[in-house]
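Residues per chain, in single letters:
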Amino acid sequence: MRFTVVDLFNKKKQRQKITMLTAYDYPFAHLVDEAGIDMILVGDSLSMVIQGKETTLPVTMDEMIYHTKIVVNATKRAMVVADMPFMSYQISVQEAVRNAGRFVKEAGAHAVKLEGGREILPQIKAITESEIPVVGHLGLTPQAILRMGGYRLQGKLPEQANRIKEDAVSLQEAGAVAVVLEVIPSELAKEITESLQIPTIGIGAGPYCDGQVLVIHDLLGLFEKFTPKFVKRYINLREEVLNAIKQYKEEVEKGIFPGPEHSF
Ligand code: KIV
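Here is what the cut-offs are and how they apply
- One numbering rule holds for all chains: residues counted from 1, following each sequence as written.
- Given that the model is predicted, a residue must reach a pLDDT of at least 70 before its local features are reported, and side-chain atom pairs must reach 80 or more before they are shown or counted; all residues, however, enter totals for whole chains, interfaces and linings.
- By convention in this description, side-chain values take in all heavy atoms of the structure and omit both hydrogens and water.
- The domain boundaries here were taken from an automatic or database domain assignment.
- The criterion for a residue being near a molecule or strand is simple. One of its heavy atoms has to lie within 4 Å of it.
- Between N or O atoms, a polar contact is any pair within 3.5 Å; within protein, one atom must be a potential hydrogen donor and the other a potential acceptor, and residues adjacent in sequence are included only when both atoms are from side chains.
- Note on areas: Shrake-Rupley, 1.4 Å probe, and residue coverage restricted to the protein chains presented here.
- Here the term cavity refers to a set of points on a 1 Å grid, laid over the protein atoms alone, in which a 1.4 Å probe fits but cannot get out; the term pocket refers to an open set having protein on both sides within 12 Å along at least five of seven lines, with lining residues being those that place an atom within 4 Å of a point.
- More than half of a molecule's atoms lying within 2 Å of a cavity's or pocket's grid points is what places that molecule inside it.
- Patches draw on residues past 30% relative accessible area with no salt bridge. Two like charges within 9 Å are joined, as are two nonpolar side chains (Val, Leu, Ile, Met, Phe, Trp, Tyr) within 5 Å.
- Put simply, a salt bridge is a Lys or Arg side-chain nitrogen that is within 4 Å of an Asp or Glu carboxyl oxygen.
- Working definition: helices are DSSP H or I runs of at least four residues, strands are E runs of at least two. Numbering for both runs from the N terminus.
- Here the term buried applies to any residue with accessible area under 20% of the maximum for its type, exposed to any over 50%, and partly exposed to those in between, with areas from a 1.4 Å probe on protein chains only.
- What makes two residues a contact is simply this: any of their non-hydrogen atoms within 4.5 Å.
- A pair of strands counts as paired when DSSP detects no fewer than two bridges linking them.
- Only the contacting stretch of a helix is used when fitting its axis, a line to C-alpha atoms as for every element, and angles between N-to-C directions run 0 to 180 degrees.
- Orientation labels follow simple angle bins: below 35 degrees gives roughly parallel, above 145 gives roughly antiparallel, 65 to 115 gives roughly perpendicular, and whatever is left gives oblique.
- In a left-handed crossing the near helix is turned counterclockwise from the far helix by less than a right angle, and in a right-handed crossing that turn is clockwise.
- Asp, Glu, Lys and Arg are counted as charged, while Ala, Val, Leu, Ile, Met, Phe, Trp, Tyr, Cys and Pro are counted as nonpolar; the rest, among them Gly, fall into the polar class.
- Grid points are joined across faces, edges and corners, and a volume is the space filled by probe spheres set on the points.

Bringing the domain arrangement of the protein chain into the picture now. Examined at the domain level, the protein chain breaks down into domain 1 (5-233) and domain 2 (237-264). Measuring from the centre of the C-alpha atoms in domain 1 to the corresponding centre in domain 2 gives 39 Å.

Okay, here's the thing in structure tokens:
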């Protein structure tokens, strides 16, 4: 049975932690689903960790649809959330609804995620009214990198913190089913989590959120460009993969592989 928005609200009520990870392709989506993770985010972070770009800005709707379709196909239980890419929802309410609809109709997504607060409330309301669940995203919003000038802690100053708190309540009122809180102080995340009926899912927002999300390439040690403080690397898969490839190269060059057991 798929994890649904009802399960999401029940977990918050019962104070059970919600688990979320990103995935972008069949092998990892399949593994994340098999491990029993509640929600899979097909993040626009794929622009950086899959396509090797500097920011999340370049990834297109068609590319996000392609990856979301693969992830939905690879899973049985997890709720798949598609990240709406930069400029797919900012221009107009109509475009936002059309693009959110594409994720559901063409890719089979179960929800969409949008970055931002008060400035995108009409979009969140309209998508919700089209019966598509919306996950909000506040704090460090990577699509605002050009304005923010870097991936920095948000909500440190009282006026910034108040804005995030107010936006969280507004997102809930507009119909969001959950909100991702990225790189904000733990105490601020705690206050927001306690003030909302919908769950908060933290990334770099401390232990008090209702759930946690990480980029899977960070958790597995597959993204070497930088590792933020909030990432826990559970394995250094990059090194393991590199060693395996080097060993293969050496064995082919020395005539060790293929051996008789791999030959006909
Ligand atoms: O794109 C993404 O992976 C995200 C997470 C960092 C929450 O938005």
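What follows continues from the structure just given.
Attention now goes to the site of the ligand. In the vicinity of the ligand, the contacting residues are Thr22, Leu41, Gly43, Asp44, Ser45, Asp83, Lys113, His137, Glu182, Ile203 and Val215. Taking Ser45, its side chain carries an N or O atom lying 2.5 Å from an oxygen atom of the ligand. For the ligand, the protein covers 96% of the area, taking 260 Å² as the surface of the free molecule. The cavity where the ligand resides is the largest pocket.

Let's shift gears to a nonpolar patch on the surface. Residues Tyr248, Val252 and Phe257 make up a contiguous nonpolar surface patch of about 280 Å² in total accessible area. By the element assignment, Phe257 lies in the segment after helix 11 (237-253). The partly exposed category is assigned to Phe257, whose relative accessible area is 33%.

Inspection of the secondary structure assignment puts Gly43 in the loop between strand 2 (39-42) and helix 3 (46-49). A residue is classified by how much of its surface remains accessible, and Gly43, at 1% relative accessible area, is buried. For the pair Gly43 and Lys113, spaced 70 residues apart in sequence, the C-alpha to C-alpha distance is 8.7 Å. Not counting the four nearest positions on each side in its chain, Gly43 is found in contact with Tyr24, Met64 and Asp83.

A few words on the sheet that holds strand 8 (residues 211-214). Taken in spatial order, the eight strands close into a barrel running 1-2-3-4-5-6-7-8, and their pairing is parallel. Ignoring which end each strand starts from, the neighbouring axes of this sheet average 25° apart. Summarising the sheet, strand 1 (residues 18-22) and strand 8 pair through four bridges and their orientation is parallel. Looking across to strand 8, one finds that Ile18 is bridged to Gly211.

A separate point is the packing of helix 2 (residues 26-34) against helix 4 (residues 61-74). Helix 4 packs onto helix 2 with a crossing angle of 40° between their chain directions and a minimal axis gap of 8 Å. In terms of orientation, helix 2 and helix 4 fall into the oblique class. As for the relative orientation of helix 2 and helix 4, their crossing is right-handed in sense. Where helix 2 approaches helix 4, its residues Tyr26, Ala29 and His30 are matched on the opposing element by Ile70, Val71 and Ala74. In terms of residue class, the contact of helix 2 with helix 4 is built from five nonpolar, one polar and no charged.

Right, let's get into the layout of surface pockets. If a probe as big as a water molecule is rolled over the atoms, it shows which places are left empty. What the largest pocket holds in volume is close to 640 Å³. For the largest pocket, the lining is made up of 30 residues, of which Glu182, Ile203, Val215, Pro228 and Phe230 are closest to its centre. Listed by contribution, the elements that provide at least two residues to the lining of the largest pocket are helix 3, strand 6 (178-182) and strand 8. Here the residues of the lining of the largest pocket sort into 17 nonpolar, six polar and seven charged. In this structure, the second largest pocket spans a volume of roughly 540 Å³. In this structure, the second largest pocket is lined by 24 residues; those nearest its centre are Glu119, Gly139, Thr141, Arg147 and Met148. Within the residue set of the lining of the second largest pocket, elements represented by two or more residues are strand 5 (134-139), helix 7 (145-148) and helix 8 (158-174).

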